[in-house]
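Structural overview
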Amino acid sequence: MREQVDLWTEHAPLAPSQGVADSRAAAAAADTLDALRAALSAFEGCALKQTATNLVFADGNPDADVMILGEAPGAEEDRRGVPFVGASGQLMDRMLAAIGLDRDSVYISNILFWRPPGNRNPTTAEVAACMPFVQRHIELVRPKALVFVGGASAKAMLDRTEGIMRLRGKWYDYHGPGLDRSIPALATFHPAYLLRSPGQKRAAWHDLLLLKTRLEEMS
Ligand code: URA
């Protein structure tokens, strides 16, 4: 905790609450995805930007029915400026392919737009600073379904305290501040966790089938 406070103080010119106020205003003013990306490029309220190489905004099809939100870019994503292109992204692609999806039929982003140094866990302040942009991102894409991969994403987006073991494999109603209707949201394991714990792939397959079934019901 102490280390997190020091990290914020050292890198950020703004107090955390000021960062969140600024991100709310900047995100709300963005009417298109290009404008949102530009607003993030200009945003100085998240300390992670100072150590990252690139902004990692999104990949895939913004008109897709499904929007996937991971946690934060890793080294490869930071290098290329594209989410989920490293080892866990390759597993995610294989998982999506197993239910007939690919990067033309999903839209992919993260709850953080810059890589935490050394892939450390993001601080509460960093997640809070990015959250208005994530919420606006969802509003602009208006997907038919959301998938939160990993505990950090599921907990932050659903405002829950339980871990991913409890949250995964269920549908929730995501209520964004600027949405006039809720969006069905599924929580599932992060592919990086599945790479470390392949025994959980069976449970992840169950979650993927939930997504497949829901998309079939919607179409
Ligand atoms: N892990 C994530 O959560 N997001 C990425 O973009 C890459 C790895």
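Note that this is a predicted model, so its numbers are computed, not measured. What you see as residue numbers is a count from 1 along each chain, following the sequence as written. Reporting of local features is limited, given that this is a predicted model, to residues whose pLDDT is at least 70; pairs of side-chain atoms are given and counted only at 80 or more, and all residues count toward the totals for whole chains, interfaces and linings. Just so you know, side-chain values use all the structure's heavy atoms and leave hydrogens and water out.

1. Here's the deal with the layout of surface pockets
Formally: Cavities and pockets were defined on a 1 Å grid built from protein atoms only: a cavity is a group of points that admits a 1.4 Å probe but offers it no way out, a pocket is an open group of points flanked by protein on both sides within 12 Å along at least five of seven lines, and a lining residue is one with an atom within 4 Å of any such point. Grid points are joined across faces, edges and corners, and a volume is the space filled by probe spheres set on the points. To qualify as a helix, a DSSP run of H or I must reach at least 4 residues; to qualify as a strand, a run of E must reach at least 2; elements of each kind are numbered from the N terminus. Any residue that is not Ala, Val, Leu, Ile, Met, Phe, Trp, Tyr, Cys, Pro, Asp, Glu, Lys or Arg is counted as polar, Gly included; the first ten are nonpolar and the last four charged.
Its volume calculated, the largest pocket comes out at about 450 Å³. What lines the largest pocket is a set of 22 residues, and nearest its centre among them are Glu71, Ala72, Ser88, His190 and Ala192. Put simply, the parts of the chain that give the lining of the largest pocket at least two residues each are helix H4 (75-80) and helix H9 (191-196). Its residues assigned to classes, the lining of the largest pocket comprises nine nonpolar, eight polar and five charged.

2. Quick notes on the nonpolar core
Rules: Note on terminology: a nonpolar core comprises buried Ala, Val, Leu, Ile, Met, Phe, Trp, Tyr and Cys residues joined through side-chain atoms within 4.5 Å. Remark: exposure states derive from per-residue accessible area (1.4 Å probe, protein chains only) relative to the maximum for the residue type, with buried under 20%, exposed over 50%, and partly exposed in between. A contact between two residues is defined here by any heavy atoms of the two lying within 4.5 Å.
If you look at the biggest cluster of nonpolar residues, it comprises 63 residues, and the most contacted ones within it are Ile68, Phe113, Trp114, Ile138, Phe148 and Met157. Ranked by residue count, the leading element in this core is helix H6 (residues 124-141), at eight residues. In this structure Trp114 touches Leu40, Phe43, Cys46, Leu48, Lys49, Ala52, Asn54, Leu55, Ala72, Pro73 and Cys130, once residues within four positions along its chain are discounted.

3. So, the packing of aromatic side chains
Selection criterion: Only centres within 6.5 Å qualify two rings of Phe, Tyr or Trp (six-membered ring in Trp) as a pair; their planes then separate them into stacked at under 30 degrees, edge-to-face at over 60, and tilted for everything else. Here, a charge over a ring is recorded when the distance from Lys NZ or Arg CZ to the ring centre is within 6 Å and its angle to the ring normal is within 35 degrees.
Scanning all chains against the criterion turns up five aromatic pairs. Both rings, one in Phe113 and one in Trp114, keep their centres 6.3 Å apart while their planes meet at 75 degrees; by these two values the pair is edge-to-face. Each member of the pair, Phe113 as well as Trp114, is classed as buried. Connected via pairs of aromatic rings, a cluster forms that spans Phe57, Phe113 and Trp114. A cation over an aromatic ring shows up here: Arg214 above the ring of Trp171, its NZ or CZ 4.7 Å from the ring centre.

4. A few points about the site of the ligand
Short version of the rule: Nearness is defined per residue: one heavy atom within 4 Å of the molecule or strand is enough. As used in this structure description, the phrase polar contact means that two N or O atoms lie within 3.5 Å; if the pair is within protein, one of them must be able to donate a hydrogen and the other to accept it, and residues adjacent in sequence are counted only when both atoms belong to side chains. A cavity or pocket is said to hold a molecule if more than half of that molecule's atoms lie within 2 Å of its grid points.
Near the ligand, the surroundings consist of Gly70, Glu71, Ala72, Pro73, Glu77, Pro83, Phe84, Ser88, Asn110 and His190. Within the backbone of Ala72, one N or O atom sits 3.1 Å away from a nitrogen atom of the ligand. Contacts to the ligand include His190, whose side-chain N or O atom sits 2.7 Å from an oxygen atom. When atoms are counted within 2 Å of each cavity's grid points, the one that captures over half of the ligand is the largest pocket. Across the shell around the ligand, the residue classes tally to four nonpolar, four polar and two charged.

5. A few points about the pattern of salt bridges
For clarity, the threshold we go by: In what follows, salt bridge is the name for a side-chain nitrogen of Lys or Arg lying within 4 Å of a carboxyl oxygen of Asp or Glu.
Scanning the model with the defined rule gives 13 salt bridges in all. Put simply, Glu44 and Lys49 hold a salt bridge, and the shortest N to O gap is 3.2 Å. One salt bridge connects Glu216 with Lys212, and the closest N-O pair in it is separated by 3.1 Å. In this pair, Glu216 and Lys212 are both assigned in helix H10 (residues 201-218), four residues apart and thus about one turn of the helix distant.

6. Considering the side chain of Ser23
Tracing the backbone shows Ser23 in helix H2 (residues 16-28). Within the structure, Ser23 has its side chain in polar contact with the backbone oxygen of Ala129 (distance 2.9 Å). Excluding residues that lie within four positions of it along the chain, Ser23 makes contacts with Phe43, Ala128, Ala129, Pro132 and Phe133.

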